[in-house]
Amino acid sequence: MPEAFGSLVMTVKIQVAQLSNFKMKKKIIALIFLLCMLSLSCNSKNEPLGFDTSLKKSEVSIGHNNLVLNNMSFLNKIVGLDTLLTYDVNLEKLVLLDLKSKTPIYTIDIETQGPDFFDFPIFDIEIRKSKLYVLSKSYLSIFTLTGKNIQRYDSDDIKGMNSDFMITEFELITPSQILFNQIPLQAITGNFETSSPPYIFSLFDLNTRLLQELDIQSPKEALVNETDLGYYNDFAFHSMVFENDSIVYSFGFSSKVYVYDMKKKTTTVLPSPTKLTKSIREPTSPNVLKSSEWMKYTRSDPKFSPLVRDEKTGYYARVHSEFKERPDGKRYNFKYLMVFNSKLEMVSEIEIEERIIEPALFTNGKIYLKKTDQTQEDSFQFVVYEVIEN
């Protein structure tokens, strides 16, 4: 355990010993357990499995205990080894779930007004040691693990936010440096013009509030600046994973994976073709976006969800889908799971039989897919694929 982290836990333990309120003791003990879980995640070894792998399928239910949780929560984020964070809109709580014990282990009350307000919708969220980082459309906010606001950053600090680009994801690279995933407004509107290049990543210093855009633009095939050749709208949005000084990113319209080495300042393009669907969708035109043809377009050709990475194994996973005709003549949205090793070589691709919510969740060698049809009132139901070395 890192020295600073150990000091934090010891401080909390002392506070617990001095408290007489039983409920408060219980809350802080849960906080100690949570911090220990996150510490294990940060220090886990990145040892990839062998190339010859298979997937072992099972189903699990994560109980709600005494909480009355909404089973259809769409905010689901792995924030530590075997730790899942979700938001319950009815209770207005962030809930941490232990995937091993299959129970809630900690809750954070959410304020919607006042100095500690949470801005919605939440695009991305992360926990590091004793801080909660929350990205919404208008703010990057930092809270304590009891929901008290420490700091906020808006468009006055993050120049270009919501005027030149939209930020949908972030990665905390160091305690003071954030990597932002920027969606150019050209990709959203199709007719947006700007004098500056549409860079898709930037570094933000939390102390100096300086934003440094990286010299990375959407690839030509995304057609962000080529709307006369075609248009993808949100299929040209990208997602990212940061690992070992590299940004691994991909787009919804294609199976390709891009790797940017921040030290060498070079980009490697991996075709990553699929075996069960097409590897790229055909573009349309900006005029289709506001017509009745747009829905038809979204249901043609494949769509690729964000890549997710397992800190323990170094493996990656991704769900992709494609509408196809079933034997009864009806069109159905078939979904598939692709698994990549630590070198981003595909080692498995299978059809997912159940209806599931994208993207996948990946931790401790297991891929969790939340089922669309939640039939149990007191638990979250997941299909799980464990990566097995043969």
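Sequence positions are assigned chain by chain, starting from 1 and proceeding in written order. Side-chain atom pairs in this predicted model are given and counted only at pLDDT of 80 or more, local residue features only at pLDDT of at least 70, and totals for whole chains, interfaces and linings cover all residues. Based on all heavy atoms of the structure, the side-chain values leave hydrogens and waters out of the count.

1. As for the side chain of Glu-169
Using the following cut-off: Secondary structure elements follow DSSP: runs of H or I of four or more residues count as helices, runs of E of two or more count as strands, with numbering from the N terminus. Any residue under 20% of the maximum accessible area for its type is buried, any over 50% is exposed, and the rest in between are partly exposed; the area is computed with a 1.4 Å probe on protein chains only. The charge count treats Lys and Arg as positive and Asp and Glu as negative. His and the chain ends do not count. When a carboxyl oxygen of Asp or Glu lies within 4 Å of a side-chain nitrogen of Lys or Arg, that pair is called a salt bridge. A 3.5 Å cut-off defines polar contacts: any pair of N or O atoms within that distance qualifies, except that in protein one atom must be a possible hydrogen donor and the other a possible acceptor, and neighbouring residues in sequence count only when both atoms are side-chain atoms. The contact criterion used is simple: two residues touch if any of their non-hydrogen atoms lie within 4.5 Å.
Along the chain, the position of Glu-169 falls in strand β10 (residues 165-174). As a buried residue without a salt bridge, Glu-169 has its nearest oppositely charged side chain in Lys-77, at a separation of 7.1 Å. Of the polar contacts made by the side chain of Glu-169, one reaches the backbone nitrogen of Met-240; its length is 3.0 Å. Once you skip the residues sitting within four places of it in the chain, Glu-169 turns out to touch Asp-124, Leu-135, Leu-179, Phe-180, Asn-181, His-238, Ser-239 and Met-240.

2. Quick word on the pattern of salt bridges
Inspection of every chain in the model, using the stated rule, returns 18 salt bridges. A salt bridge links Asp-82 to Lys-100, with the nearest nitrogen and oxygen atoms 3.9 Å apart. Of this pair, Asp-82 sits in the loop between β2 (76-80) and β3 (83-88) while Lys-100 sits in the loop between β4 (93-98) and β5 (103-109); the two residues are 18 residues apart in sequence, bridging distant segments of the chain. For Lys-100, a relative accessible area of 58% puts it in the exposed group. Here Asp-328 ties to Arg-326 by a salt bridge, and the two come within 3.0 Å at their closest N and O atoms. On the accessibility criterion, Asp-328 (49% relative accessible area) is partly exposed. Residue classification places Arg-326 among the partly exposed residues on the basis of a relative accessible area of 29%. When salt bridges that share partners are traced, they join Lys-57, Glu-353 and Glu-354 into one network.

3. Description of the pairing of β4
Residues in a regular strand project their side chains so that they alternate between the two faces of the sheet. Threshold: By definition, two strands form a pair when at least two bridges between them are found by DSSP.
With six of six residues buried, β4 is to be regarded as a mostly interior element. Where β3 hands over to β4, the hairpin turn is made up of four residues, of which Glu-92 adopts a positive phi near 55 degrees. Sheet analysis places β4 next to β5, joined by six bridges and oriented antiparallel. For Leu-96, the partnering residue across the bridge sits in β5 and is Tyr-106.

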